[in-house]
Every structure is written in structure tokens, then in C-alpha cells.
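Listed here are the chains, written in short residue letters.
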Amino acid sequence: MSNDVSPDRAVMIRLRARLAVVERAAWFGFAEAMRRQPEETEAYIAAERAKCAAGFAGPAWARDLSDAERAMLGAEVDAGLAQLMEDAKED
């Protein structure tokens, strides 16, 4: 195993690290919202899921993607928001 990281892999690793930082910071805010206003926060996420389902179903969002790619993206976003709620309820 080499201790060197190629420049291309380094870019990808840095982007993954940034995403992880943003994800953890967002989780903190979401967890705090669930502690303070659980019903309102849950209603907000439900509304966002509906908004995303409608948005990704049509051509207005993510115009650079094909219909199949947009459907996949929408399904991934919906699954992620659903999992977010499940994780918050478990905490």
C-alpha cells in the first residue's frame, strides 16, 4: 500500500471531507430543532419532501439531468429526508 495520494484522489477526498463537515453541522441544527420544536420540525421536513417530490418530478429542477437521473436524484433525496427523520426520532 502506498502512502502517496494522487492529485485527483486528493480533490475527491477533500470534497468528501467538506461534505462530511457540512453534514455534521446540519445534523446539529436539525437535532436541536427536533429537541425544541419536534412537531414543527417534522411538519417542515414533510413539506420539504413533498416540495422535492414535485420539483424533481418535472423538468424545472436539475435541468442538466435526464428524466431517469432526475427520478433517481429525487428518490435519493426523499430517502435521505425520511432517514433523517427516523434517525432524529431514535436520538
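Throughout, a residue's number is its position along its own chain's written sequence, starting from 1. This being a predicted model, a pLDDT of at least 70 is required before a residue's local features are given, and a value of 80 or more before pairs of side-chain atoms are given or counted; all residues contribute to the totals for chains, interfaces and linings. Only hydrogens and water are set aside; all other atoms, that is, all heavy atoms of the structure, feed into the side-chain values.

Taking 1.5 Å as the rise per residue, helix H3 (residues 67-90) with 24 residues should run 34 Å; its terminal C-alpha atoms sit 35 Å apart, in good agreement. To sort residues, take the accessible area from a 1.4 Å probe on protein chains only and compare it with the maximum for the residue type: under 20% means buried, over 50% means exposed, and anything in between is partly exposed. Here a strand is any run of E in DSSP of at least two residues, a helix any run of H or I of at least four, and the numbering for each starts at the N terminus. Of the residues making up H3, those classed as buried are Arg70, Gly74, Leu81, Met85 and Ala88. On its buried face, H3 is in contact with helix H1 (7-36) and helix H2 (38-57). Working rule for helices: expected span equals 1.5 Å times residues minus one. Here, two residues are considered to be in contact whenever any of their heavy atoms come within 4.5 Å of each other.

Another aspect to go through is the packing of aromatic side chains. Working definition: rings of Phe, Tyr and Trp (its six-membered ring) pair if their centres are within 6.5 Å, and the pair is stacked with planes under 30 degrees apart, edge-to-face with planes over 60 apart, and tilted otherwise. Tallied over the full model, the rule gives two aromatic pairs. Ring centres of tryptophan 27 and phenylalanine 30 lie 5.9 Å apart, and the angle between their planes is 45°; this geometry places the pair in the tilted category. One end of the pair, tryptophan 27, and the other, phenylalanine 30, are both in helix H1, three residues apart, so they sit about a helical turn from each other. For the pair tryptophan 27 and phenylalanine 30, a shared accessibility class is recorded, and that class is buried. Taken together, a centroid distance of 5.0 Å and an interplanar angle of 85° make the contact between phenylalanine 56 and tryptophan 61 edge-to-face. What makes tryptophan 61 partly exposed here is its relative accessible area of 30%.

Any carboxyl oxygen of Asp or Glu that lies within 4 Å of a side-chain nitrogen of Lys or Arg is treated as forming a salt bridge with it. What the rule picks out here adds up to six salt bridges. Two residues, glutamate 32 and arginine 36, come together in a salt bridge whose shortest N-O distance is 2.5 Å. Of the two residues, glutamate 32 and arginine 36 both sit in helix H1, four residues apart, roughly one turn of that helix. Since its relative accessible area comes to 22%, glutamate 32 is described here as partly exposed.

Along the chain, alanine 57 turns up in helix H2. For the pair formed by alanine 57 and valine 21, sequence separation is 36 residues and the distance between their alpha carbons is 30 Å.

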